[in-house]
Amino acid sequence: MSQNTLAQFVDTTATKFGVPGVAVGVWVGGRELYACHGVTSVDNPLPVDADTLFVLGSVTKSFTATALMRLVAEGRVELDAPVRRYVPELSLPDERAAAEITVLQLLNHTAGLDWRMSVETGEGDDALAAYVATMAESELIAPPGARASYSQVGYNLAGRIIEKVTGLTYERAIASLLFEPLGLSHSSFATSDVMTRRFAVGHNLTEDGTPAVARQWKDTRANNPGGGGASSVADQLRWARFHLGDGRAEDGAQVLPAEVLQRMKEQTVELRGSTLGDAFGICWFLRDVDGVRTVGHGGSANGQFAELLIVPERDFAVVALSNAGPDGGLAFNQSVVRWALEHYVGVVDRDPEPLPFDEARAREVVGSYENDMMTLIIATDGTGLTIECKIKPEIRAATDTELPPDLPPADLGLLAGDTDEYIVTSGALKGQRGFFTRDDNAVVGVDLAGRSSKRVPAASE
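Residues numbered from 1 in each chain as written. Predicted model: local features only at pLDDT ≥ 70, side-chain atom pairs only at ≥ 80, totals over all residues. Heavy atoms only, no water.

**Considerations on the side chain of Thr 52**
As a reminder of what qualifies: Helix and strand assignments come from DSSP, with helices taken as H or I runs of at least 4 residues and strands as E runs of at least 2, each series counted from the N terminus. Two N or O atoms count as a polar contact when they lie within 3.5 Å, although within protein this holds only if one can serve as hydrogen donor and the other as acceptor, and sequence-adjacent residues are included solely when both atoms are side-chain atoms. The contact criterion used is simple: two residues touch if any of their non-hydrogen atoms lie within 4.5 Å.
Looking at where Thr 52 falls in the secondary structure, it is placed in the loop between strand S2 (31-38) and strand S3 (54-55). A polar contact of 2.9 Å, which involves the side chain of Thr 52, links it to the backbone nitrogen of Asp 49. Non-local contacts of Thr 52, meaning those with residues more than four positions away in its chain, are made with Thr 40, Pro 47, Arg 198, Phe 199, Ala 200, Ser 231, Ser 232 and Val 233.

Right, dumping it as structure tokens:
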């Protein structure tokens, strides 16, 4: 499959979804293929190229986890050790949990920590230390080790472990442990560094459907370990190739033992009803697609989306970066990944078919659900179910920065079986899967994109 074929698909798909700028990279048959389309910004347009930096969002977690695994390989960190061995000041409302949470539980999202914390701790070198101090008020969603639930909080705490063990800031440690030895010269965290290069800005749709520049470029410094990295498609493809390899950099230097890289791709905990994967390895989402194991991670920022997927048994990787909100950017990335899997690897990724509408089952799940940041509203008009995702008004009111827009209601269908799983069938989250949780047979929570939300009791309850 030629570079021209990839470029044609990328151009057509980016135009279809109205994405201002995209960058795609594929590693297949020992070759790197690139296709870039559009511009960095609708206000100040420059052509996107393979070295243009995009905000990675949660793909950054792969840097954090790999850096920690390098410290494990060097004997400086133990995966099964309690986090307090390295961050003794860690405090949580549940003292027993604070003492028990392990490093591995942070890396495979089983620590029981909530998704996010809406706190601002500045841009100084003490940002992560101050963030961890605020965790004293962060309630757990489950006991440590009880279940997997995706947590930005956990990865920011993992970043603090890196700081404490290395004596460096998180950003400097990642540069020293990974960026420099692997030659990732177009990857950074600092806005002052990124602004000297070509970089993409995010875009969200206005009321009339045209893309407008998102004014908050990336999240706060304390969120860097969980989602604050910026990188180019060329660097991300090099990063993917490293994780497909034997732990050596391109100059032959051994950065990680091969068995440590392999361990990151082995299942540590099962995931239920998630589009993102069937299981977590160490950081990585693991998913069997058409009988083939895939390993990857996605990321979202304000008006930007990133996707990295590798297929180890086929020595294959695909990276997609886009600078539009979920209606455009997320849909574009998912389309590219599915197309690349089918056309280069022969793997077809299909969504499950939802069941016909069942009003009795629908009534069981209708209601409002919330986590630290979001409210999810499940509703029915008697003919179908919808899901609506909103950032809490108090979160918007408490921040001076622009946050992504709320997502309008989208269709949702329940899936076969007795596991209370569902799939979103329209809108920006089309194809996303999740499940409802029960207690004494009553629905008490919902998971979407690996994040848990608790049901809010109705006024009559």
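There's plenty left to go through after this.
**With respect to the sheet that holds strand S7 (residues 230-231)**
What counts is decided by this rule: One bridge is not enough; two strands pair if DSSP finds at least two bridges between them.
Ordered by their spatial adjacency, three strands build an open sheet running S3-S7-S4, and the pairing between neighbours is antiparallel. This sheet does not close on itself; its edge strands, each paired only once, are S3 and strand S4 (187-188). As defined by bridge partners, S4 adjoins S7 across two bridges and the pair is classed as antiparallel. By the bridge assignment for S7, Ser 188 is matched with Ala 230.

**What to know about the packing of aromatic side chains**
Counted only if it meets this: Ring pairs shown here join Phe, Tyr and Trp side chains whose ring centres sit within 6.5 Å, with only the six-membered ring taken for Trp; geometry is labelled stacked below 30 degrees between planes, edge-to-face above 60, and tilted in between. Think of it in three bands: residues with accessible area under 20% of the maximum for their type are buried, residues over 50% are exposed, and the middle band is partly exposed, with areas taken using a 1.4 Å probe on protein chains only.
Applying the stated criterion across every chain, the model contains 13 aromatic pairs. Seen in terms of ring centroids, Phe 9 and Trp 339 are 4.5 Å apart; in terms of plane orientation they differ by 15°. Their pairing is stacked. On the criterion of sequence distance, the pair formed by Phe 9 in helix H1 (residues 3-17) and Trp 339 in helix H12 (residues 326-345) is long-range, its members being 330 residues apart. Taken together, a centroid distance of 5.8 Å and an interplanar angle of 20° make the contact between Trp 239 and Phe 242 stacked. Taken together, the residues span about one helical turn, with Trp 239 and Phe 242 both in helix H10 (residues 233-244) at a distance of three residues. According to the relative accessible area criterion, Trp 239 is buried, its value standing at 0%.

**Observations regarding the packing of H1 against H12**
Cut-off, in case you're wondering: Note on definitions: angles span 0 to 180 degrees between N-to-C directions of axes, and those axes are lines fitted to C-alpha atoms, for helices only across the stretch in contact. Geometric relationships in this document are graded by angle, where less than 35 degrees denotes roughly parallel, more than 145 denotes roughly antiparallel, 65 to 115 denotes roughly perpendicular, and other angles denote oblique. Should the near helix be turned anticlockwise from the far one by less than a right angle, the crossing is termed left-handed; should it be turned clockwise, right-handed. Ten residue types, Ala, Val, Leu, Ile, Met, Phe, Trp, Tyr, Cys and Pro, are classed as nonpolar, four, Asp, Glu, Lys and Arg, as charged, and the remainder, Gly among them, as polar.
Orientation of H1 relative to H12, taken along the N-to-C sense of each, is 155°, at an axis distance of 9 Å. With respect to their mutual orientation, H1 and H12 come out roughly antiparallel. Of the two elements, H1 crosses H12, and the hand of that crossing is right-handed. Across the interface between the two elements, Thr 5, Leu 6, Phe 9, Val 10, Thr 13, Ala 14 and Phe 17 from H1 touch Asp 327, Gly 328, Ala 331, Phe 332, Ser 335, Val 336, Trp 339 and Tyr 344 from H12. Here the residues of the contact of H1 with H12 are counted per class, giving 10 nonpolar, four polar and one charged.

**Remarks on helix H7 (residues 170-182)**
Inclusion rule: To estimate how far a helix should extend, the number of its residues minus one is multiplied by 1.5 Å.
Helix length check: H7 (13 residues) gives 17 Å between terminal C-alpha atoms against 18 Å at 1.5 Å per residue, within 8%. Along H7, the residues that are buried comprise Tyr 170, Glu 171, Ala 173, Ile 174, Ala 175, Leu 177, Leu 178, Phe 179 and Leu 182. Where the residues of H7 are buried, they touch helix H2 (61-73), helix H5 (127-134), helix H6 (152-166), S4, helix H9 (224-227) and H10. One or two residues past the end of H7 sits Gly 183, with phi positive at roughly 70°.

By themselves these figures say nothing about function.
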